[in-house]
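Given next are the chains, with one letter for each unit.
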Amino acid sequence: DYAAVEKLKEDSSALFKQEPETADLTLVQWIAQKLGADVYIEIDGFVQGGTENGGYFGKAEINLKMYNPSTGELLGSVPYASPKTFDRSSADSAAQNALKSTVFKAMASAVDQSKKALERDYRQGIRYEIVINNTADSKLMSRFRAKLKNEVETIRVMNQSAAQTKYAVQYFGTVEDMEDIIYAAAEAVPGLTGMELIMIRGKTLVFRSGL
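Heads up: these notes are all about the structure in this document. As the structure is a computational prediction, the values presented were derived from the model and not from experiment.

1. Quick word on unusual backbone geometry
Logical step 1: One non-glycine residue, N134, lies in the positive phi region at around 65°.
Logical step 2: If you trace the backbone, N134 turns up in the loop between β5 (126–133) and α4 (138–149).

2. Focus on the sheet that holds strand β9 (residues 204–208)
Logical step 1: One open sheet holds the 5 strands; their spatial order is β6-β7-β5-β9-β8, and the pairing between them is mixed. The open sheet has two free edges, formed respectively by β6 (154–160) and β8 (196–201), since each of these has just one partner strand. When the angles between neighbouring strand axes are averaged without regard to direction, this sheet yields 20°.
Logical step 2: The pairing of β8 with β9 spans 5 bridges and is classified as antiparallel. Considered in β9, the bridge of E196 is made with R208.
Logical step 3: Sheet strands in contact with α4 are β5, β6 and β7 (164–171), and its direction is about 155° off that of β6.

3. Notes on the side chain of T204
Logical step 1: Note that T204 resides in strand β9.
Logical step 2: Looking at T204, the relative accessible area reads 3%, which means it is buried.
Logical step 3: Apart from the residues within four sequence positions on either side, T204 is in contact with S70, E129, V131 and M199.

4. Remarks on the pattern of salt bridges
Logical step 1: Under the criterion given, the structure shown has 5 salt bridges.
Logical step 2: Between D112 and K116 there is a salt bridge, and its shortest N-O distance comes to 3.3 Å. One end of the pair is D112 and the other is K116, both in helix α3 (residues 91–122) and 4 residues apart, which spans about a single turn.
Logical step 3: R208 is paired through a salt bridge with E196; the nearest N and O atoms lie 3.3 Å apart.

5. Quick word on the packing of aromatic side chains
Logical step 1: In this structure the tally under the stated criterion is 4 aromatic pairs.
Logical step 2: The interplanar angle of 35° and the centroid separation of 6.3 Å between the aromatic rings of F144 and Y167 together place this pair among those described as tilted. Of this pair, F144 sits in helix α4 while Y167 sits in strand β7, and the two are 23 residues apart along the sequence.
Logical step 3: You can call Y167 buried: its relative accessible area is 0%.
Logical step 4: The cationic tip of K84 hangs over the ring face of F57; the distance from NZ or CZ to the ring centre is 4.7 Å.

6. Points about the pairing of strand β3 (residues 74–81)
Logical step 1: Pairing between strand β2 (residues 55–67) and β3: 7 bridges, direction antiparallel. Each bridged residue has a counterpart across the sheet, and for I62 the counterpart in β3 is Y80.
Logical step 2: Between β2 and β3, which pair antiparallel in sequence order, lie 6 residues; one of them, G72, sits at a positive phi of approximately 75°.

7. Looking at the environment of D177
Logical step 1: Relative to the helices and strands, D177 is located in helix α5 (residues 175–187).
Logical step 2: Along the sequence, D177 and K149 sit 28 residues apart, while their C-alpha atoms lie 15 Å from each other.

8. Overview of helix α2 (residues 27–34)
Logical step 1: Q29, W30, I31, A32 and Q33 are the residues of α2 that are buried.
Logical step 2: Residue G36 follows α2 closely and has a positive phi angle near 70°.

9. Observations regarding α4
Logical step 1: With 12 residues, α4 should cover 16 Å at 1.5 Å per step; its first-to-last C-alpha distance of 16 Å lies within 8% of that length.
Logical step 2: Listing the buried residues of α4 in full gives L140, M141, F144 and L148. Down the axis, α4 shows its buried residues gathered within 95° of arc, on one side only. Opposite the buried face of α4, at more than 90 degrees from it, the exposed residues are K139 and K149.
Logical step 3: Packed against the buried residues of α4 are β5, β6, β7 and α5.
Logical step 4: The opening residue of α4 is D137, an N-cap whose side-chain oxygen sits 3.2 Å from the backbone nitrogen of K139.

How each quantity is defined
- Residues numbered from 1 in each chain as written.
- Predicted model: local features only at pLDDT ≥ 70, side-chain atom pairs only at ≥ 80, totals over all residues.
- Heavy atoms only, no water.
- Helix = DSSP H or I, 4+ residues; strand = E, 2+ residues; numbered from the N terminus.
- Pairing = 2+ DSSP bridges.
- Axes fitted to C-alpha atoms, helices over the stretch in contact; angles between N-to-C directions.
- Contact = heavy atoms within 4.5 Å.
- Buried < 20%, exposed > 50% of the residue type's maximum accessible area, 1.4 Å probe, protein only.
- Salt bridge = Lys/Arg side-chain N within 4 Å of Asp/Glu carboxyl O.
- Phe/Tyr/Trp six-rings, centres within 6.5 Å; stacked < 30°, edge-to-face > 60°.
- Lys NZ or Arg CZ within 6 Å of the ring centre and 35° of its normal.
- Expected span 1.5 Å × (residues − 1).
- Arc of directions from axis to C-beta.
- Polar contact = N/O pair within 3.5 Å; in protein donor to acceptor, adjacent residues only side chain to side chain.

Next comes the structure, spelled out in structure tokens:
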């Protein structure tokens with residue numbers, strides 16, 4: 001929705017710069033999260049225009065990359081190059097026509113790849129990232145993981161340190177449901193009953209361990 005994206009850029013670009021948790025995000029990823037998108041696509045490439053046979057030509061080469069807004073994970077890419085397009089008015093117009101037609105043709109493949117990636121990922125549930133800060137007690141985190149494992153489809157450790165532990169979780173439910181079962185798992189583990197939510201960003205939930 002172009003209008004929604006432009007409004008969000010206008011209203012929130014300053015806020016994006018001020019939020020410390022956006023340091024590792026691009027503006028595009030942040031906008032995709034704010035709009036609740038399942039996928040966002042970045043277009044990279046170049047266009048060329050010139051004169052030929054008394055007219056103007058344009059060429060475009062692009063690469064569409066599809067990402068998961070919550071995690072920034074690359075879901076796939078579609079490279080595409082256009083044949084020469086011709087225009088009587090100007091080289092710029094010919095180049096723009098080449099770019100438009102190239103994106104239009106490549107987008108169908110990008111959308112199809114995105115759908116297949118989501119279908120593959122969602123067979124075992126929606127993918128969430130759970131980040132817990134201050135996790136110096138690895139045995140305690142192991143017990144928490146065992147409790148949470150009983151409530152979700154899959155759970156794996158992405159990284160773990162004394163400062164922070166990050167889990168990738170597959171789960172059939174909303175982000176609010178995910179928050180509830182994390183609290184329930186924490187309540188069942190003595191030492192983690194003080195766990196509290198810091199923020200929800202897309203499908204990423206960040207908590208304090210309470211230790």
